[in-house]
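Here are the chains, one letter per residue:
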Amino acid sequence: MKKWGKLSLGMLLAVGLLAGCGNNNDNAASTDNTAGNTGAAATKTLTLGTSADFPPYEFHKVIDGKDTIVGFDIDIAKDIAADMGAELVIKDLPFDSLLNELSSGRVDMVISGLSPTEERKKAVDLSDIYYKAEQAVVVREADKDKFATMDSLKGAKIGVQTGSIQEEIAKGIIGAQLTSLGKISEIVLQLNSNRVDASIMEGPVAKSFVKNVEGLVITDAKPEVEDDGYVIGVKKGNTELLNQVNTTLTRLNSEGKIDEYVAAASELAESE
């Protein structure tokens, strides 16, 4: 496959609009987004809620001419569905609506770089931790030295994803002026248009955008946060599904599959 190269602001906007289109229509499982038995005997479905603007976790990619949701979270979801003998159906939703969709039963599980906060534990049941990563601060290249420490972000305009752990980190920065948006691509547009000074992102997500968007860099600033890692959410009381999720995660970790999925998804996010 060809390499992306650097994206212009206009191209980034187009990508953001493409991702946004997924929020208006359920991305039903196809040959690219299914797992398990899809023959005539298949009757069970597993509906995944995710916010597909979080490379390399979950993101939109045109594959064989078709807009497809991919990423290592999606690979994990496919394994869970396969172990259940179920067909995976993916719903691309705003991040801050995922837990409501889960509690209402409109999705069966949520995988989307979800941190196990106390508030979330009260609302839904959470799986074992399947991945840990650092947080990062992204700025325009010209401001790399200006925002080289967390202390230098005091009073800055900071873009973060609504409902994310990064939003909570930013709220703890003295005098910070927050711009909270539903999509990471929208935050990147804010950075490129000088509407915000910096953004706090998940480490692998930040690396993906920096490699593919002209003029952005990761600074030396290190957000201090207790890294509990990432989990999968299921509806409160759905013990059967939670047990299956944890069984699959245990298998994937023992086989080293998750690290393989992370590497493959990261490479896919950088390719065209």
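What this report covers is the structure whose coordinates are included nearby. (Residues numbered from 1 in each chain as written. Predicted model: local features only at pLDDT ≥ 70, side-chain atom pairs only at ≥ 80, totals over all residues. Heavy atoms only, no water.)

**Notes on the sheet that holds strand 2 (residues 53-54)**
Strand order in the open sheet made by the three strands is 2-3-4, with antiparallel pairing throughout. Edge positions in the open sheet fall to strand 2 and strand 4 (66-70), since each of these has one partner strand only. (Pairing = 2+ DSSP bridges. Helix = DSSP H or I, 4+ residues; strand = E, 2+ residues; numbered from the N terminus.)

**Thoughts on helix 8 (residues 239-254)**
Helical periodicity: at 3.6 residues per turn, an α-helix aligns residues three or four positions apart in one direction. Compared with the 22 Å implied by 1.5 Å per residue over 16 residues, the 22 Å span of helix 8 between its first and last C-alpha is a close match. When we look at burial in helix 8, the residues that qualify are Leu 241, Leu 242, Val 245, Asn 246, Thr 248, Leu 249 and Leu 252. For helix 8, the angular spread of buried residues about the axis comes to 165 degrees, placing them on one side. Among the exposed residues of helix 8, those oriented more than 90 degrees off its buried face are Glu 240, Thr 247, Thr 250 and Ser 254. Elements in contact with the buried residues of helix 8: strand 1 (45-50), helix 2 (72-84), strand 6 (109-114), strand 7 (125-126), strand 13 (231-234) and helix 9 (257-269). (Expected span 1.5 Å × (residues − 1). Buried < 20%, exposed > 50% of the residue type's maximum accessible area, 1.4 Å probe, protein only. Arc of directions from axis to C-beta. Contact = heavy atoms within 4.5 Å.)

**A closer look at the pairing of strand 4**
Taken together, the five bridges between strand 3 (residues 58-63) and strand 4 define a ladder with antiparallel strand orientation. Its bridge partner being in strand 4, Ile 63 is matched across the sheet by Lys 66. Two successive antiparallel strands, strand 3 and strand 4, enclose a turn made up of two residues, where Asp 64 displays a positive phi of approximately 55 degrees.

**Quick word on the nonpolar core**
Of all hydrophobic cores here, the largest spans 46 residues; its most connected members are Phe 72, Ile 76, Met 109, Tyr 130, Tyr 131 and Ile 232. In terms of residue count, the dominant contributor to this core is helix 2 (six residues). Residues contacting Ile 232, with those up to four places away along its chain left out, are Ile 76, Ile 80, Met 109, Val 110, Ile 111, Asp 125, Leu 126, Ser 127, Tyr 130, Val 245 and Leu 249. Counting 15 residues, the second-largest nonpolar core is a separate cluster that includes Val 160, Ile 169, Ala 170 and Ala 176. (Core = buried A, V, L, I, M, F, W, Y, C linked by side-chain atoms within 4.5 Å.)

Geometric descriptors of this kind do not, in isolation, establish any biological role.
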